[in-house]
Amino acid sequence: MLKNMIKIHLSLFALVFALESKPLNVLFIFTDDHAYQAISAYGSNRNKTPNIDRIAKDGMLFNRAFVTNSICAPSRAVILTGKHSHLNGQLTNGQRFDGEQQTFPKLLQNKGYQTAMIGKWHLKSDPTGFDFWQVLQGQGPYYNPPMNTAQGVKKITGYTTDVITDVTLEWLKNGRDKNKPFFVMSQHKAPHRNWQPGPKYLTKYDDVEIPEPTTLRDNYKNRLEPASTQAMTIDQHLSASDLKLKAPGNLTPEQKTKWDAAYRPKNEALEEANLEGDDLFKWKYQRYVKDYLRCIDSVDENIGRLLDYLDETGLAENTVVIYSSDQGWYLGEHGWYDKRWMYEESFRTPLIVRWPGVTQAGSKNADLVQNLDYAQTFLDICGVKSPKDMQGASIVPLLKGKKPKDWRKSLYYQYYEYPGAHSVRRHYGVRTDRYKLIHFYMLDGWELYDLKKDPNELNSLYGKKGYEKITSELKDELTRLRKLYQVPEDTRPLVRAPREPRKKKKG
Ligand code: CA
């Protein structure tokens, strides 16, 4: 009896030891412009994402995950460095990322991790800190993408979302050294503009109507001028190729046949209908959102392929799977597509983490987290100490269900790309659990929102009676955050800024 018990104890000890000594792998799946409103685990009323939901079902879903600067290249630079844009140098999409600087993949490599970067990179300079990389050129096309590698350009035929997954699987199966733990970033172009669906999903949603958001016909009243002077409305700013009134120019004959079979009849019906006014607007919304959702269908299917592979090989048990996007997105809220704003839909981003044995299955977290935290979180998961100059915080305690007492109570945000695509004015601001204060600093105009009373941010309360105290508190908090993050007082010298018209002297 005693002998048997000792045996059991010894084998349990061996099992625990084996599990603990096996270093963790990380699979980071990342998309470009994926709205949390288009993920069923986030309660989408527009689509279903069964495979992203698989990650949420066994993991933790973050309901308050945000970015620091809601645009593609800057978000990627923040994730790599764990530093705000003004310190990592990537303020806008226009700059070239300085790959010489400290990034988390380099720190992982130093500790024996194998790192790989596959898919959309979008930082102009070649990736650094990766044992293997194969990336799209710039934004990259949806079909037949040429990809840059350390050995030169590879020409590939296929749908880009499938291709990125194929390359990721090939590296996992045959490319890596199986004696070392891995950190792989599998990063999609989808569902970035201009939303070209894959061959399998070209006609999905043809027979359904996608619900409209309540703010689709926003009139931009009760806010400052920037909300009404942007160039990202579904009504006015979508191009003929955005709306698939013409086919992409880079399809193979076989792809082109499928494309035409899907869109030609629909486009002929549109011409016949001769829509105007709100009917045309409704049509544009449906076409735009359906194409966007079709791109998500391919992403979701491909995430399923990766998860299946982890399950089949037994890698799932010691691989942390993380799903996120470079920012959120407008699926018609405020009448918009695109991102950039500190308003919720683009400021927030999806974040779902599955860590076997650590994250409570199906759990949801409402703490304020930011893409600024990703680098330190990745290092923490992999048992690597974070350098002191990173500006975020590891969310590993949150993943373990143990929120630190001093967890942040506010977030800092800053957007720089003006003048630029879509004409969104530069702004910075602070968000707490309940309030948001935004400073359009080149106009010196402020907006204040009570997110509890006005979750859609339609009514700025700045300067209104009764809000003096909260405004002053938020301004103090903003000053504190700008000091904490070492934000320069005036960032205009850092980027090529527009010349302000000179004020005429009086008299
Ligand atoms: Ca993006």
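Residues numbered from 1 in each chain as written. Predicted model: local features only at pLDDT ≥ 70, side-chain atom pairs only at ≥ 80, totals over all residues. Heavy atoms only, no water.

Turning to the pattern of salt bridges, a few remarks are in order. Side-chain pairing between opposite charges can occur once the charged atoms of the two side chains come close. One pass over the structure, following the stated rule, counts 34 salt bridges. Between Asp311 and Arg54 there is a salt bridge whose closest N-O contact spans 3.4 Å. With a gap of 257 residues between them, Asp311 in helix α9 (residues 277-313) and Arg54 in helix α2 (residues 50-58) connect regions that are remote in the sequence. Glu473 is paired through a salt bridge with Lys469; the nearest N and O atoms lie 3.0 Å apart. (Salt bridge = Lys/Arg side-chain N within 4 Å of Asp/Glu carboxyl O. Helix = DSSP H or I, 4+ residues; strand = E, 2+ residues; numbered from the N terminus.)

With distances of 2.1 to 2.6 Å, the protein atoms coordinating the calcium ion are Asp32 (OD), Asp33 (OD), Cys72 (SG), Asp326 (OD), Asp326 (OD) and Gln327 (OE1). Around the calcium ion, the six donor atoms are arranged such that angles at the metal cover 52 to 161 degrees; this shape is classified as irregular. Spacing between the donor residues of the calcium ion along their common chain follows D-D-x38-C-x253-D-Q. In this pair, Asp33 is assigned in the loop between β1 (25-31) and α2 and Asp326 in the loop between β9 (319-325) and α10 (344-347), connecting sequence segments 293 residues apart. (Donors = N, O, S within 2.8 Å, 3.2 Å for Na, K, Ca; no water. Tetrahedral: all angles 85-135°; square planar, octahedral: opposite > 155°, others 65-115°.)

Here Leu251 lies in the loop between α7 (226-229) and α8 (253-273). For the pair Leu251 and Tyr337, spaced 86 residues apart in sequence, the C-alpha separation works out to 25 Å. Not counting residues within four places of it along the chain, the set of residues in contact with Leu251 comprises Tyr143, Asn144, Lys256 and Trp259. (Contact = heavy atoms within 4.5 Å.)

Attention now goes to α2. Looking at α2, one finds that the buried residues are Asn51, Ile52, Ile55 and Ala56. Take α2 and look down its axis: the buried residues cluster within an arc of 160 degrees, on one side only. Where α2 is buried, its residues touch β2 (60-62), α9, β9 and β10 (351-354). (Buried < 20%, exposed > 50% of the residue type's maximum accessible area, 1.4 Å probe, protein only. Arc of directions from axis to C-beta.)

Turning our attention to the state of the cysteines. If you walk through the whole model with that rule in mind, you get zero disulfides. Note on Cys295: no disulfide assigned, nearest cysteine sulfur contributed by Cys72 at a separation of 14 Å. (Disulfide = S-S within 2.5 Å.)

One open sheet accounts for four strands, arranged β13-β14-β15-β16; its pairing is antiparallel. Either end of the sheet is taken by a strand with one partner, and the two such strands are β13 (410-415) and β16 (445-450). Along the sheet, successive strands turn relative to each other by an average axial angle of 15 degrees, direction set aside. (Pairing = 2+ DSSP bridges. Axes fitted to C-alpha atoms, helices over the stretch in contact; angles between N-to-C directions.)

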